[in-house]
Amino acid sequence: MAAKWVEAITGSLEQKKQYRLYRARLEALPEPYNAVAKAVQRYFMYNGGVEDGDTLVTMMGDFVDLWERAATDGTPVRDIVGEDPVEFAEAFAEAYTGKRWIDKERARLNAAVEAAETKQEAEE
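Here's what I pulled together on the structure shown here. If you're wondering where the values come from, they're calculated on a predicted model, not measured in any experiment. Every residue gets a number counted from 1 within its own chain, in the order that chain's sequence is written. Residue-level local features of this predicted model are given only where pLDDT is at least 70; pairs of side-chain atoms are given and counted only at 80 or more, and the full residue set underlies all totals for whole chains, interfaces and linings. Side-chain metrics rest on all non-hydrogen atoms present in the structure, leaving aside hydrogens and water.

1. Here's the deal with the nonpolar core
To qualify as a nonpolar core, a set must consist of buried Ala, Val, Leu, Ile, Met, Phe, Trp, Tyr and Cys residues joined through side-chain atoms within 4.5 Å. Only protein chains enter the area calculation, which uses a 1.4 Å probe; residues under 20% of their type maximum are buried, those over 50% are exposed, and those in between are partly exposed. Core analysis: the largest hydrophobic core is formed by 22 residues, its most contacted members being F44, F63 and W67. Each helix is a run of H or I in the DSSP string that is no shorter than four residues. Each strand is a run of E no shorter than two, and both are numbered from the N terminus. For this core, the secondary structure elements donating two or more residues are α2 (13–27), α3 (33–48), α4 (53–73), α5 (77–81) and α6 (85–94). Here the element with the most residues in this core is α4; it accounts for 7 residues. Residues within four places of W67 in sequence aside, it is in contact with L29, Y33, V36, A37, V77, I80 and V81. The criterion used for residue contact is that any of the two residues' heavy atoms lie within 4.5 Å.

2. Comments concerning the packing of α4 against α6
Between α4 and α6, whose axes approach to 10 Å, the crossing angle comes to 135°. Our classification of the angle between α4 and α6 gives oblique. Across the interface between the two elements, M59, D62, F63 and L66 from α4 touch F88, F92 and A93 from α6. Split by residue class, the contact of α4 with α6 holds 6 nonpolar, no polar and 1 charged. A fitted line through C-alpha atoms represents every axis, and for helices the fit uses only the stretch in contact; the resulting angles, taken between N-to-C directions, go from 0 to 180 degrees. The cut-offs work like this: below 35 degrees is roughly parallel, past 145 is roughly antiparallel, 65 to 115 is roughly perpendicular, and the gaps in between are oblique. For this classification, Asp, Glu, Lys and Arg are treated as charged, while Ala, Val, Leu, Ile, Met, Phe, Trp, Tyr, Cys and Pro are nonpolar and the rest, including Gly, are polar.

What follows is the structure in structure tokens.
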């Protein structure tokens, strides 16, 4: 009973466990994969903004798999992220559709402009 209440407020406990396991797998990567993967993952947290737990866990799992395979194969990190690591990170995150935190702010901005426009039209 209490677990359902806590999950209703904080989100799925199972997803949190999975996320922690993925973070541990990232930490276990050898250098330079560890440093680059953590840098890209940090970028996801600031730019990606995925709110949906299922989407985030799927994305993180695929991300860790990518880096583990690259480390195993000895793929140079630049071959993974390309010439523009920001473009790589944004394209990777964009492949995972889901609700993002910025969606609320976009809706809020649109609503504010529409409300101001309606008020202005009413005053004319």
